[in-house]
Amino acid sequence: MNKLGTPASQRILQTLIDHGYEAYYVGGAVRDFVRGTASADIDIATSATPQEVQKLFPRTVDVGIEFGTILVIIDGTPFEVTTFRNDAFSGRPTLKEDLRRRDFTMNALAYTIDGTLIDYFEGEHDIHAQKIRAVDDPHARMMEDPLRILRACRFMATFQYEIEAGTLKAMQKEANRLQQVAPERMKQEMDRLLMGSHAKEALHLIVTSAIGNALPLFPKKLPMLAYMTPFTSSHEGWAYLCLAGDIHATVLAKAYVLSNEEKSFIQVVEHAFQRRTEDVFTIKDIYQFEADVLFIAEKLYKAYKGERTTCTVQYWQHQKQALPIQSKQELVVNGKDLLQWTNNQQGRWVGEWMTKIEQAVLHGECPNDEQVIKEWFIREFNIER
Ligand code: ATP
Ligand code: MG
């Protein structure tokens, strides 16, 4: 079996240990190592204080000293190094107390520099049993930080693990507390939930339980969920929630602090979906909407009819590529040409005629060729005068 860690992260552990501190790999990286999958980032827990960590490494960034976290940068790669969380009762910060304060048993594992798994809470067993189980008393854990309710749903969506009965019960009972959680934190977990390959199961659990009532603006029903999932992006998931809940994009965006980019994406999908309900996509639609927007709008349209779309994003990309032009910039003529050909004054008419030329080229009435466009334009221009 391969060892967890990289030469750079091993160096951090070794440096800390050489200076008399304890240091371990913790969190998602250990979990993913036990699961046999790759992990995005490697987190380290240590007995050294943030100030002590800062002294030991030349490149550090203070990302949350109040939470005990220092970013240590080795060869350009950042690693989160966090001081053992202090237990309020025992007073002394230890690895075990640190792990006890984590959310689920699978996330409460530690791993030593020489490859020993430290498992106080049967995390390895739960990973093999594919169970999401709160560390210690589930009610206490959910009350301490209600975001864990949503995190459990997120892990369900990404790993298709089952939530252990006692944990699930506590999640339901304490669901209302989700209302106290900062929307920024919920947004992060929702993004990952929506991107999960088993988002369907997680969303179904949320909507059929008290969790859905506690989340801001969560749709009461999730129509055609089975035809919509898995989502190809979190953007798609948000667009679906918006349409399923018949919620204004601006309102949903505010509740979950979506970025302006996410908000406008949802609005464009809504517009495209509206267009699709009127008729199949026209050349103009294919031209104006991005391939992923066409894909999602078509998927939504088909889902509402009880079907699964057979058109992929690539299909819409090809449809777009097959158009004579991809954007106005590709036209071989511009406003200056129109002024020259007519000897007219600059004015609104230039933009209007450029749009007419764009439409003519787009619909194949006229090739994107300077001479032919000129002839077409002069003819049409004279007719309209
Ligand atoms: P991923 O690999 O998807 O990032 P992760 O487990 O690393 O999953 P993070 O949100 O990055 O998730 O958190 C890192 C670790 O910090 C977790 O594994 C867990 O041990 C701990 N943790 C994070 N959030 C909480 C929380 N709300 N309550 C308790 N422990 C938490
Ligand atoms: Mg992580």
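Note: the structure precedes this text.
Just so we're clear, the structure is a prediction, and the values are computed from it rather than from any experiment.

A. Focus on the overall build of the protein chain. Check the secondary structure of the protein chain and you find 21 helices and nine strands. Over its C-alpha atoms the protein chain spans a radius of gyration of 28 Å, topping by over 25% the 21 Å that the globule rule assigns to 385 residues. Once the C-alpha set of the protein chain is aligned to its principal axes, its extents read approximately 90 × 50 × 40 Å. Residue pairs at least 24 apart in sequence account for 60% of intrachain contacts in the protein chain once pairs closer than 6 positions are excluded. Here the protein chain displays about 19,300 Å² of accessible surface, and carbon together with sulfur accounts for 49% of that area. With 44 positive and 52 negative side-chain charges, the protein chain shows a spacing of 3 Å between the two charge centroids.

B. Seen up close, the side chain of Arg148. Positionally, Arg148 belongs in helix H7 (residues 147-159). The residues touching Arg148, leaving out its near neighbours within four places in the chain, are Arg101, Asp103, Phe104, Arg141 and Met142.

C. Spotlight on the sheet that holds strand E6 (residues 110-111). Sheet architecture is open: seven strands sit in the order E3-E4-E5-E2-E1-E6-E7, paired in mixed fashion. Two strands lie at the open edges of the sheet, namely strand E3 (60-64) and strand E7 (117-118), each paired on one side alone. The sheet contact formed by strand E2 (residues 43-46) and strand E5 (residues 77-83) spans four bridges and is parallel. Considered in E5, the bridge of Ile44 is made with Val81.

D. Layout of the site of ligand 1. Taken together, 16 residues sit near ligand 1, with Arg31, Asp145, Arg148, Arg154 and Arg192 positioned nearest. The separation between a nitrogen atom of ligand 1 and a polar side-chain atom of Asp145 is 2.8 Å. Here an oxygen atom of ligand 1 and a side-chain polar atom of Arg192 are 2.6 Å apart. When the free accessible area of ligand 1 is taken as 580 Å², the share hidden by the protein chains comes to 81%. Of all elements in the fold, only helix H2 (28-35), H7 and helix H9 (183-195) reach the threshold of two or more residues within the shell around ligand 1. Of the residues forming the shell around ligand 1, the biggest block, four residues, is contributed by H7. Residues that form the shell around ligand 1 fall into these classes: one nonpolar, three polar and 12 charged.

E. Highlighting the packing of aromatic side chains. Across all of its chains, the model carries 17 aromatic pairs by this definition. Geometrically, the ring pair formed by Tyr25 and Tyr111 is tilted, given 6.3 Å between the ring centres and 45° between the ring planes. One end of the pair, Tyr25, is in strand E1 (residues 23-26); the other, Tyr111, is in strand E6, with 86 residues separating them in the sequence. With respect to class, Tyr25 is no different from Tyr111; both count as buried. Site record: aromatic cluster; members linked through ring pairs are Trp341, Trp349, Trp353, Phe377 and Phe381. A cation over an aromatic ring shows up here: Arg154 above the ring of Phe155, its NZ or CZ 4.3 Å from the ring centre. When the ring centre of Trp353 is taken as origin, the NZ or CZ atom of Lys356, which lies over that ring, is 4.1 Å away.

F. Representation of the packing of helix H19 (residues 335-342) against helix H21 (residues 370-384) in the model. Two elements in contact, H19 and H21, have axes separated by 11 Å at closest approach and are oriented at 55°. Between H19 and H21, the angle is such that the two are oblique. Seen along the crossing, H19 lies across H21 with a hand that is right-handed. Facing Leu338, Trp341 and Thr342 of H19, the residues of H21 in contact are Glu370, Ile373, Lys374, Phe377 and Phe381. Its residues assigned to classes, the contact of H19 with H21 shows five nonpolar, one polar and two charged.

G. Seen up close, the pattern of salt bridges. One pass over the full model with this rule turns up 24 salt bridges. Close ionic contact of Lys173 with Glu174 constitutes a salt bridge, the shortest N to O distance being 3.8 Å. We classify Lys173 as exposed; its relative accessible area is 60%.

H. Here's a closer look at the pairing of E3. As paired strands, E3 and strand E4 (residues 69-74) are joined by four bridges and run antiparallel to one another. Paired with Val61 across the two strands is Leu71, which belongs to E4. The hairpin formed by E3 and E4 contains four residues between the paired strands, and Gly68 there has a positive phi angle of roughly 80°.

I. Here's a closer look at unusual backbone geometry. Of note, the bond from Thr229 into Pro230 is cis; its omega dihedral lies within 30 degrees of zero at -5°. Relative to the elements of secondary structure, Pro230 occurs in the loop between helix H12 (225-228) and helix H13 (234-244). In the Ramachandran plot, Asp246 falls in the positive-phi region, its phi being about 50° despite a non-glycine side chain. Mapped onto the secondary structure, Asp246 falls in the loop between H13 and helix H14 (249-255). Phi is positive for Val257, which is not a glycine, with a value near 40°.

Conventions adopted
- Residues numbered from 1 in each chain as written.
- Chains lettered and ligands numbered in written order.
- Predicted model: local features only at pLDDT ≥ 70, side-chain atom pairs only at ≥ 80, totals over all residues.
- Heavy atoms only, no water.
- Helix = DSSP H or I, 4+ residues; strand = E, 2+ residues; numbered from the N terminus.
- Rg over C-alpha atoms; globule rule 2.2 N^0.38 Å.
- Contact = heavy atoms within 4.5 Å.
- Areas by Shrake-Rupley, 256 points an atom, 1.4 Å probe, with all protein chains shown as cover.
- Lys, Arg positive; Asp, Glu negative; His and termini not counted.
- Charge placed at Lys NZ, Arg CZ, Asp CG, Glu CD.
- Pairing = 2+ DSSP bridges.
- Near = heavy atom within 4 Å.
- Polar contact = N/O pair within 3.5 Å; in protein donor to acceptor, adjacent residues only side chain to side chain.
- Nonpolar A, V, L, I, M, F, W, Y, C, P; charged D, E, K, R; others polar.
- Phe/Tyr/Trp six-rings, centres within 6.5 Å; stacked < 30°, edge-to-face > 60°.
- Buried < 20%, exposed > 50% of the residue type's maximum accessible area, 1.4 Å probe, protein only.
- Lys NZ or Arg CZ within 6 Å of the ring centre and 35° of its normal.
- Axes fitted to C-alpha atoms, helices over the stretch in contact; angles between N-to-C directions.
- Parallel < 35°, antiparallel > 145°, perpendicular 65-115°, else oblique.
- Left-handed = near helix turned anticlockwise from the far one by under 90°.
- Salt bridge = Lys/Arg side-chain N within 4 Å of Asp/Glu carboxyl O.

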